[in-house]
Every structure is written in structure tokens, then in C-alpha cells.
Amino acid sequence: MPAHPVVAGTEQLALLGQPQPIRIPERLWRSWLDDPSVVARFVAKCYRREANRCTAWLGSVSSTGHGSFRAASLPGASRRGTVPAHLFAYQLEYGVIPRLGWSGTDDAVLCHQCDFAGCVNPRHMRLGTNAVNRSEYHLRRRNLASPLADVRGQAGRTRAIATAIRNGLASGDNADSIEQRIRSAEAAGLPLTLW
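Residues numbered from 1 in each chain as written. Predicted model: local features only at pLDDT ≥ 70, side-chain atom pairs only at ≥ 80, totals over all residues. Heavy atoms only, no water.

> Any details on the packing of helix H5 (residues 153–170) against helix H6 (residues 175–187)? Residues and values, ideally.
Closest axis-to-axis distance for the H5/H6 pair is 9 Å, and the angle between their directions is 155 degrees. Put simply, H5 runs roughly antiparallel to H6. The crossing of H5 and H6 is right-handed. Two secondary-structure elements touch here, H5 through Arg 157, Ala 160, Ile 161, Ala 164, Ile 165, Asn 167, Gly 168 and Leu 169 and H6 through Ile 178, Arg 181, Ile 182, Ala 185 and Glu 186. Among the residues forming the contact of H5 with H6, the class breakdown is eight nonpolar, two polar and three charged. (Axes fitted to C-alpha atoms, helices over the stretch in contact; angles between N-to-C directions. Helix = DSSP H or I, 4+ residues; strand = E, 2+ residues; numbered from the N terminus. Parallel < 35°, antiparallel > 145°, perpendicular 65-115°, else oblique. Left-handed = near helix turned anticlockwise from the far one by under 90°. Contact = heavy atoms within 4.5 Å. Nonpolar A, V, L, I, M, F, W, Y, C, P; charged D, E, K, R; others polar.)

> Which residues make up the sheet that holds strand S5 (residues 60–61), and what values do they have?
Read across the open sheet, the three strands follow the order S5-S6-S7; overall the sheet is antiparallel. The sheet is open, and its two borders are formed by S5 and strand S7 (82–84), each paired with just one other strand. Examined bridge by bridge, S5 and strand S6 (residues 67–70) share two bridges and lie antiparallel to one another. In the strand pairing of S6, Ser 60 is matched with Ser 68. Most of the contacts of helix H3 (residues 85–94) go to S7, to which it runs at about 75 degrees, and overall it touches S6 and S7. (Pairing = 2+ DSSP bridges.)

If you want it as C-alpha cells, here you go:
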């Protein structure tokens, strides 16, 4: 038996909050993305809005504010089979990304252009590098109107918006009323200013 396991095929690293990333083989991603029941479970946790606005994630949320989707229950001590919801959405739309990781500054990562970690609209994301993503984050976080400046943090913002949507749906609100709930939830996290 070799000292290091031989890895066949392309793999991605999936990072959920603070734990160590897990390797997900390309064939496993393809099996999930091609399975209508997995895709239906995913779509049921998304709230699509009009006019190409952010699609809000209504399921579990990681400590970083990104959605967590259990694509499959796999054996093992870690949360294998649970993947970032925005990564699932992006690959569902555009196909499996050949190499994705978080280990170095030149590794490819999926960047939110809308700055809302709870968004799973694939049109709001692009591939970039870890270094570029971090520098853009620090620049845009200074803007007090940015989702990155939310006083509740990214997880708090994602949860507040999801709760607002769920409450609106439970009350039978129309899309305009739910939009108003979303705007109120967004405004509640804006930093207080003196000017």
C-alpha cells in the first residue's frame, strides 16, 4: 500500500466555516448535479427574486454566512456530502469547476460580486483567486452601505434575510411584501452613522 493515497480524477476542496476542507471528487459532484432529487431539494431551499436580484438561501448557514447544502449523507466523521450552496448553484448552472481550493493565494475560489454570502444566484459569482477575493473584500467592506459592513456579520445577515422571507411566505405575502421584508432585514444591519 502506498504511503500517500492515489487520487484519481479531478477533486475540489469544499470549505464550510472553520473546519478543514474536504476533498470532493469530480465524479461525485457530477452525480449530485445530475440527480433530479438532489437538485429539487436544492431548489426548494432557494428564494428566487425578480430582476436578477440575489437569490436568497433559506437552508442551513455556515459561520461565514454561506449556505450549507447536504447533497448526500456520506460515511465518515466529517460533514462529507455537505457543500457550500453557492458552489452547488454555480456548478449547476455552469458545470463542474476543474480545480478549486483554499490552500494558497493563487488557488481558484468562487467570488460573490454582490457581496452577499447568502446569495446563490450563479450570475452574481465569478471565479477568481483567493488573493483577489480577499483584497476586494477588504476594499468593499469599508463602504457602509455594503452587505459586508453588516453589524450582524455575514451569518447574521444571511439568517435575518432568510427569516424575513420565511415569515413572508408563511404569512402568504406577495412578492412585493416579501421584498419589503427583505429590505427591512437588510437595513436593520446597517452600521449607525453620525452623518
